[in-house]
Every structure is written in structure tokens, then in C-alpha cells.
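Structure assessment
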Amino acid sequence: MSLALAPLDVSVEVEANLPCRKFDPDLWFSDSPAELELAKSLCGDCPLRVECLAGAVERAEPWGVWGGEIFERGAVVPRKRPRGRPRKEDLARDAELRVEAEARLAASGLSESRNAVRLAA
């Protein structure tokens, strides 16, 4: 099954006000963790979110926000870490966010694809 060719919802107009078309595209490929979180939140109500995420998983996108998830080196990451050594509380929060990301992928039916979508450690 090819997720990149997931059926598009025909009720969604091609010229719809998609967040990635409405705002600066660089926001979805920012180096700033805060800007990436903003991009993720903008994806929340997008009518093409599931198709976007499915395509990104299929293509193993190297980086950026796709379908409301952050990709880094072809894997979904719970959040982008700032530079430097992570604090212990950040590591604990990352573990919680990783579980949440896995649950969202499973809920959208994408956990079975690509051998249970690889989540970055």
C-alpha cells in the first residue's frame, strides 16, 4: 500500500486556505523549536493533515513539519531540542511526548506503515 498516493478528500478545494500556503513556508522548516511548535499547532485543523503526514512517512522526509509532526533525519521526533546538553526533565518530557506521538500515529492508522514508523530516540 502506497501512503504517498492516499486518496485525497474531494470535498477539500485545491485553493483552500491551508496553513502551509497561508503563512511563511520557512516556519515549517525552522531551526527554532518554538517556531516548529507553532507550525505543528497550525497543522492541527488542516483538512489535508492525514494525507500530508502519510506522504511524509512514505517519503521519509529528512526534516520539517509534515502533517503536524516534526521530522528529523526521516523519523518523527516529539520535539526539536535546542542546542546543548538536554536537561533531565527535558529527557523525561521527551519520553512522554514520544508516547503521545506514537498514539497519534496509531490513531491516524499510520503506525502499521513502514514497519511501525520509526520514531527517533
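In this report, we go over the structure that sits alongside the text. Remember, it's a predicted structure, so these values are computed and weren't measured experimentally.

1. Details of the pattern of salt bridges
All told, the structure shown has three salt bridges when counted by the stated rule. The partner of R73 in a salt bridge is E72, with the nearest N and O atoms 3.9 Å apart. The class for R73 is exposed, based on a relative accessible area of 70%. Given the relative accessible area of 28%, E72 is considered partly exposed.

2. Some words on the packing of aromatic side chains
One pass over the full model with this rule turns up two aromatic pairs. On the basis of an interplanar angle of 70° and a centroid distance of 5.2 Å, the ring pair of F29 and W63 is categorised as edge-to-face. Of this pair, F29 sits in the loop between α1 (19-22) and α2 (33-43) while W63 sits in strand β1 (residues 63-66), placing them 34 residues apart in sequence. A residue is classified by how much of its surface remains accessible, and W63, at 44% relative accessible area, is partly exposed. Their ring planes at 75° and their centres at 5.8 Å tell us that F29 and W66 sit as a pair that is edge-to-face. Residue F29 is located in the loop between α1 and α2, and its partner W66 is located in strand β1; the two are separated by 37 residues in the primary sequence.

Reading guide: rules and limits
Residues numbered from 1 in each chain as written. Predicted model: local features only at pLDDT ≥ 70, side-chain atom pairs only at ≥ 80, totals over all residues. Heavy atoms only, no water. Salt bridge = Lys/Arg side-chain N within 4 Å of Asp/Glu carboxyl O. Buried < 20%, exposed > 50% of the residue type's maximum accessible area, 1.4 Å probe, protein only. Phe/Tyr/Trp six-rings, centres within 6.5 Å; stacked < 30°, edge-to-face > 60°. Helix = DSSP H or I, 4+ residues; strand = E, 2+ residues; numbered from the N terminus.

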